[in-house]
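# Descriptive analysis of the structure
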Amino acid sequence: MTTDIIERLTTELKDNYEGAVTAKDGGVTLVLLPEVHFPPGCEPASAAALVAFDPSKAKPDFYLKVIPAVRGTQPQHGNALVAGENWYTFSYNLGWTEEHTADQFVGGMLRRFA
Amino acid sequence: MTTGIEVRIPGHLWGRLWEEVRRPGPREPVVFGLVSHAQTLNRTLLLVRDVIVPPTTAFVESKAHGAKWTGAYNISLLNEALERGLGILIFHYHSGTAQVRMSEDDKTSARQLLSAFQMVAPGRPHGSVVLGDCSAGGLILVPGTSRISKNFRLRFFSDEMTTFPILAANAADLLSHQSQPLLEGKVTRSKLANLVVAVVGLSGGGTQVARHLACQGVGELIGIDAQRVTRDNLLATGEFGWLDILLRRRKTSVVRSQVWWINRHVRFTAVNAFVPEPPTIAALKRADLIVGCVNNLNARADLQEIAWRYCIPYVDVGLGLYPLNPNDELSEIGAISGNLFVALPGGACLWCTGFLSDEKIQLEAGGDRSYLRTKLARSRQNSAAYVASFNGVLASLAASDVLQLSLDYASTIAVRKQFDALSGAVSEVVVKKNPHCPKCSSVLAAGDPLWQ
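## Quick look at the overall build of chain A
Helix and strand counts for chain A stand at two helices and eight strands. Over its C-alpha trace chain A gives a radius of gyration of 13 Å, about what one expects of a compact globule, namely 13 Å for 114 residues. With the C-alpha coordinates aligned to their principal axes, the bounding extent of chain A is approximately 40 × 30 × 25 Å. Relative to its full complement of 114 residues, chain A shows a buried share of 28%. Taking the contacts inside chain A whose residues are at least 6 apart along the sequence as the reference set, 43% of them involve residues at least 24 apart.

Listed below in structure tokens is the structure:
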């Protein structure tokens, strides 16, 4: 992912998510989304999310502060240490490329819980 | 709970900084440090991420005491700090072994500069530090306040860990400590009593490390383990008993009792959580030293990252039993190998030496099923093996390294030691820092991210 594309995607996220903030950590650009909404039926209904743009990767990494229970069951997930904080990660093969928008990426990842 | 400020300088930067601030020349040398920062429960850490030696063209003639540099250089320095999301520390040097203090000229110019730096880059700390041969002084301005603080600790790493100010003691006590640092005395006791050590993983190695540290009288021992005692643990350490299993006691509870019996002045803090859960991270951030006794590479990678990010020495302990034929459950033992790695900030890390790699971590996470089978077989063998005494050797070595780092009783410390339990020999493995290590360049002294 080039610097220009990372900048475009970061700007999109900051424009579309209220209170979104960014940070650089090593070579990685992080975007913290204070609140993303899970599909209906999830408990809790929303949580903070983190999108990490690593120039050496084709797709961003996506993390959540909370993994929601979907119809009473919590999907498999793992812990990840990102920029000194604990985040939850989950496996989901989203067909997303650089031509798509950042909003499509976040929305697509959250469909894992539909 | 006391709050304070601590400046930490990794070893690879300290050597250059110390040389440059004392370089003889036409004017008082000045060196700039670019710093990140982190907030712990009781301290603001200023973590030096880079050192910049200004060119001679940056300076202008000054009638006042000290060096003076151009406004243009200030702007270029601020631009670099802003670009990298870091603050600025100004370092200079006053010779002598007495407590160093900033001159009135130094203070006046520092107050002006720090306020100006904060206006441009308010999210990170700024400061002016004078280094002496045995002390440091200066002024620090942390984010979110306009109050400049003159009270801070400075810690730097080389082959050892040195902290200024050196504890207050009379000349006789200091001399006694310098000549016989291992003898119990006022300075030795104070140094150990001021130490916070986190031990992660309270099984075969960790329980025995904790016992030694309690005996040494460290101020606070943070025990981190989420599990309860099981039958397997009885073969890995002599610190647990059958009643602990019967009562389903937490490992941290057992260690707390042991520590109290050995030395009731040691404060034990139990963290019943896994790595990298939030209580674990919060506890590790405020430790002076981390001893990792974990049994997987993922946890090791996380501990290494936390240690590097906040400039904390990390002592890693591990023991493995390796069958001659990993696919044969009845295979003879090929090797019983223990490793002890002392990662001092700025020196070699577990990634530099290839002990950790993305490939190994992926394999451990389940990318390769044949590897998993091997791992399963190995773990079956480990769980059934009598390894308490082998773990004891490694725990003793780790506790000795903690003692060496805190009391500085030897001039060098072996970064990696290998224990061959079949021969009983411990040998040093020479390792070198990889100058191109991606983890060192991205994580070391990175601190907390600066959100904006």
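On we go from here.
## Notes on the overall build of chain B
Within chain B one finds 15 helices and 18 strands. Expected size for 452 residues packed as a compact globule is a radius of gyration near 22 Å; at 24 Å, chain B falls within 12% of this value. Relative to its 452 residues, chain B shows a buried fraction of 42%. Considering only contacts within chain B whose residues lie at least 6 apart along the sequence, 69% involve residues at least 24 apart.

## Considerations on the sheet that holds strand E17 (residues 416-420) of chain B
Residue and element names in this part refer to chain B. As summarised here, the arrangement of the eight strands in space is E13-E12-E11-E14-E15-E16-E17-E18, forming an open sheet in which the pairing is mixed. Of all the strands in the sheet, the pair left with one neighbour each is strand E13 (267-271) and strand E18 (425-429). Shown here is a sheet whose adjacent strand axes are inclined to one another by a mean of 15 degrees, direction ignored. Of the strands in this sheet, strand E11 (196-200), strand E14 (289-292), strand E15 (314-323), strand E16 (333-343), E17 and E18 touch helix H14 (residues 388-407), which is tilted by about 160 degrees from E15.

## Re the confidence of the model for chain B
When pLDDT is averaged along chain B, the result is 91; 95% of the residues meet or exceed 70. Segment residues 368-374 of chain B: pLDDT under 50, and four contacts once partners within four positions in sequence are set aside and those in other chains are kept.

## So, unusual backbone geometry
Here the bond from Glu43(A) into Pro44(A) is cis, since omega is 0 degrees, no more than 30 degrees from zero. By the element assignment, Pro44(A) lies in the loop between strand E3 (42-43) and strand E4 (46-53). Across the junction of Phe164(B) and Pro165(B), the peptide omega takes the value 0 degrees, indicating a cis bond. Position of Pro165(B) among the secondary structure elements: in the loop between strand E10 (161-164) and helix H4 (171-179). At Ala83(A), a residue that is not glycine, the phi angle is positive and equals roughly 50 degrees.

## Some remarks on the interface of chain A and chain B
Often, the extent of an interface is quoted as the loss of accessible area upon association of its parts. Counting from both sides, the interface comprises 15 residues of chain A and, opposite them, 17 residues of chain B. Breaking the side of chain A that touches chain B down by element, the ones donating at least two residues are strand E1 (21-25), strand E2 (28-37), strand E7 (78-82) and strand E8 (85-89) of chain A. Here the element with the most residues in the side of chain A that touches chain B is E1(A); it accounts for five residues.

## Considering the pairing of strand E1 (residues 4-9) of chain B
All names here are of chain B. Relative to strand E3 (residues 43-52), E1 is paired through five bridges, and the arrangement is parallel. Paired with Gly4 across the two strands is Arg43, which belongs to E3. In terms of strand pairing, E1 meets strand E9 (residues 153-157) through four bridges, oriented parallel. Bridged to Glu6 within E9 is Arg153.

## Examining the packing of H4(B) against helix H5 (residues 186-193) of chain B
Residue and element names in this part refer to chain B. Interaxial distance between H4 and H5 falls to 8 Å at its minimum, and their mutual angle equals 75 degrees. Classed by the angle they form, the pair H4 and H5 counts as roughly perpendicular. For the pair formed by H4 and H5, the contact residues are Asp173, Leu174 and His177 on the first element and Lys186, Val187 and Thr188 on the second. Split by residue class, the contact of H4 with H5 holds two nonpolar, two polar and two charged.

## Considering the packing of helix H6 (residues 206-216) of chain B against H14(B)
Residues and elements named next belong to chain B. Here H6 crosses H14 at 40 degrees, and the two axes come no closer than 8 Å. With respect to their mutual orientation, H6 and H14 come out oblique. As H6 runs across H14, the sense of the crossing is right-handed. Contacts between H6 and H14 involve Gln208, Val209, His212, Leu213 and Gln216 from the first element and Asn391, Gly392, Ala395, Ser396, Ala398, Ala399, Val402 and Leu403 from the second. Taken together, the residues of the contact of H6 with H14 break down into seven nonpolar, six polar and no charged.

## Description of the sheet that holds E9(B)
Residue and element names in this part refer to chain B. Strand order in this open sheet of eight strands is E8-E7-E6-E2-E3-E1-E9-E10, and the pairing throughout is mixed. Across the chains shown, the open sheet's two edge strands, defined by having one partner strand only, are strand E8 (136-141) and E10. The sheet shows a mean angle of 25 degrees between the axes of neighbouring strands, taken without regard to direction. Here six bridges tie strand E7 (residues 126-131) to E8, and the two strands are oriented antiparallel to one another.

## Quick word on the nonpolar core
Within soluble globular proteins, side chains that are nonpolar tend to cluster in buried spots. Core analysis: the largest hydrophobic core is formed by 122 residues, its most contacted members being Val197(B), Val199(B), Leu221(B), Ile290(B), Val291(B) and Ala398(B). In this view, Leu221(B) contacts Val197(B), Val199(B), Ala210(B), Leu213(B), Ala214(B), Val259(B), Val266(B) and Phe268(B); residues no more than four positions away in its chain are not counted.

## Here's the deal with helix H2 (residues 102-110) of chain A
All names here are of chain A. For H2, every residue scored as buried is listed here: Ala102, Phe105, Val106, Met109 and Leu110. One face of H2 carries all of its buried residues, which in axial projection span an arc of 125 degrees. Packing partners of the buried residues in H2 comprise helix H1 (3-16), E2, E4 and strand E5 (61-64).

Parameters and conventions
- Residues numbered from 1 in each chain as written.
- Chains lettered and ligands numbered in written order.
- Predicted model: local features only at pLDDT ≥ 70, side-chain atom pairs only at ≥ 80, totals over all residues.
- Helix = DSSP H or I, 4+ residues; strand = E, 2+ residues; numbered from the N terminus.
- Rg over C-alpha atoms; globule rule 2.2 N^0.38 Å.
- Buried ≥ 20, exposed ≤ 12 C-beta atoms within 10 Å, placed from the backbone.
- Contact = placed C-beta atoms within 7 Å.
- Pairing = 2+ DSSP bridges.
- Axes fitted to C-alpha atoms, helices over the stretch in contact; angles between N-to-C directions.
- pLDDT = per-residue confidence, 0-100.
- Parallel < 35°, antiparallel > 145°, perpendicular 65-115°, else oblique.
- Nonpolar A, V, L, I, M, F, W, Y, C, P; charged D, E, K, R; others polar.
- Left-handed = near helix turned anticlockwise from the far one by under 90°.
- Core = buried A, V, L, I, M, F, W, Y, C linked by C-beta atoms within 7 Å.
- Arc of directions from axis to C-beta.

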